[in-house]
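Okay, here's what each chain looks like letter by letter:
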Amino acid sequence: MSTKEFASTAGSTVAVCGGGNAAHVMVGDLGSRGYKVNLFAPFTPPGGVSEAEQWKTNLPKEGMKLNYVTKGKVEYGSPNVVSASAAEAIPGAKYIFIPLPVFAHRAVLLDIVPHCDDDACIVAMPATGCFDWTANQVMKELGRQIDVAGVAPLPYVCRTLDYAKETNFMGLKDQVGMATLPAGKIDRVASEVEEILGLTVKRYPSFLPITLTPTNPIMHTGRLMGMFGPNWRDNKYDRMIKFYDETDELSNTWLHRLDDENQLIAKAAEEAIGGSVGSVGSPDSNVKPINHYLKWASGDDITKWDTCKDCFQTNKHFSGLGSPMKEV
């Protein structure tokens, strides 16, 4: 995981959208390092309490406890603002992070864009679901033009233990990729995001390498197909399957088949629009084969990377994670 030093942006205001695992880490990590973190947490489950209200109710006086698991240390951090209203949480933030699934991007953008400062930059993490297209559409609808950036993969390995009270931060990726709109802003934005997140950012020529990053859409789909197959409703299981540790050869086959298609798409895109993707297919390329991508992102945390199965089974931060299963 990353050992990059943090630098000069500490003390500035950033906004974080959402109330999930990554948002917890950003409140704790950035807050403990001197950033003012405004938390925009509008989601309310049916018949339930909004995430913003849960934060306000549950947050201890000393702040949320963040356990840096691999470093053996603990820090505490609190949001500067917690609100279900974008009008309260977004103004004044230079960088607005959206560490949320793709399905939430449009709704969140529609909420926050009207309240962004003119010089703000919205950063989606991860941005593998054509975030640039979604952002462009929203900007046109709202008549605004705010800079956007996309990161892949999600930088954090983390799990919330007690909502707004305690989170395990298992590690930070060694490096991530980034693209910006406009593309000419990449160097400035990447440099500042490197400081905020504390890792290395690889600059991409367009959003295509972000969209084609072989991350969860391939990783989860291939593994689940191998694990359950098309007849999953007929199968019976007597225990929770470990998602990564127990990756089998059938899953590995599906993972690499999906990745092979992804490589062909990347190659075709580069041939059609020269410079949009850059190099393809090698360990040093912008769109790497999946096993080399995983090693690139996780560094020494992966000890064997001949195949995707090897990466899954030897990544220490994947160890012990379960599957989307529940007892019935």
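These notes cover the structure that comes with them. (Residues numbered from 1 in each chain as written. Predicted model: local features only at pLDDT ≥ 70, side-chain atom pairs only at ≥ 80, totals over all residues. Heavy atoms only, no water.)

Focus: the overall build of the chain
- Each helix and strand counted, the chain has eleven helices and twelve strands in total.
- A compact globule built from 328 residues should have a C-alpha radius of gyration of about 20 Å, and the chain, at 20 Å, falls within 12% of that.
- Seen through its C-alpha atoms, the chain measures out along the principal axes to roughly 50 × 50 × 40 Å.
- For the chain, the residues scored as buried account for 50% of the 328 residues in total.
- Residue pairs in contact within the chain that sit at least 24 positions apart in sequence constitute 70% of those at least 6 positions apart.
- Per element, the accessible surface of the chain, about 14800 Å² overall, is 52% carbon and sulfur. (Helix = DSSP H or I, 4+ residues; strand = E, 2+ residues; numbered from the N terminus. Rg over C-alpha atoms; globule rule 2.2 N^0.38 Å. Buried < 20%, exposed > 50% of the residue type's maximum accessible area, 1.4 Å probe, protein only. Contact = heavy atoms within 4.5 Å. Areas by Shrake-Rupley, 256 points an atom, 1.4 Å probe, with all protein chains shown as cover.)

Some words on unusual backbone geometry
- With an omega of 0°, the peptide bond running from Ala152 to Pro153 counts as cis.
- Looking along the chain, the bond that leaves Leu181 and enters Pro182 is cis, with omega of 0°.
- Inspection of the secondary structure assignment puts Pro182 in the loop between strand S11 (175-181) and helix H6 (186-197).
- Positive phi values are uncommon outside glycine, yet Cys130 reaches one of about 60°.
- Here Cys130 is to be found in the loop between strand S7 (121-124) and helix H5 (131-142).
- The backbone of Ala164 sits at a positive phi, close to 65°, despite the residue not being glycine.

Digging into the pairing of S7
- Alternating positions in S7 separate into two faces, Cys121 and Val123 on one and Ile122 and Ala124 on the other, with burial throughout.
- For strand S6 (residues 95-98) and S7, the ladder comprises four bridges, and the chain directions are parallel. From the neighbouring strand, Ile96 faces S7, where its bridge partner is Ile122.
- The parallel pair S6 and S7 is bridged by helix H4 (residues 105-112), and the resulting crossover is right-handed.
- Alignment of S7 against strand S8 (residues 147-152), held across four bridges, turns out to be parallel. Looking at the pairing, Cys121 lines up with Asp147 of S8.
- In the classification by handedness, the crossover that spans S7, the intervening H5 and the parallel S8 is right-handed. (Pairing = 2+ DSSP bridges. Right-handed = clockwise from strand over helix to strand, strands pointing away.)

Let's talk about the packing of aromatic side chains
- Within this structure, the stated rule accounts for ten aromatic pairs.
- Taking 4.9 Å as the distance between ring centres and 75° as the angle between the ring planes, the aromatic pair formed by Phe243 and Tyr244 counts as edge-to-face. Taken as a pair, Phe243 and Tyr244 share a single burial class, namely buried.
- The interplanar angle of 80° and the centroid separation of 6.2 Å between the aromatic rings of Phe312 and Phe318 together place this pair among those described as edge-to-face.
- Connected via pairs of aromatic rings, a cluster forms that spans Phe243, Tyr244, Phe312 and Phe318.
- Lying over the aromatic face of Trp254, Arg257 brings its terminal NZ or CZ to 4.6 Å of the ring centre. (Phe/Tyr/Trp six-rings, centres within 6.5 Å; stacked < 30°, edge-to-face > 60°. Lys NZ or Arg CZ within 6 Å of the ring centre and 35° of its normal.)

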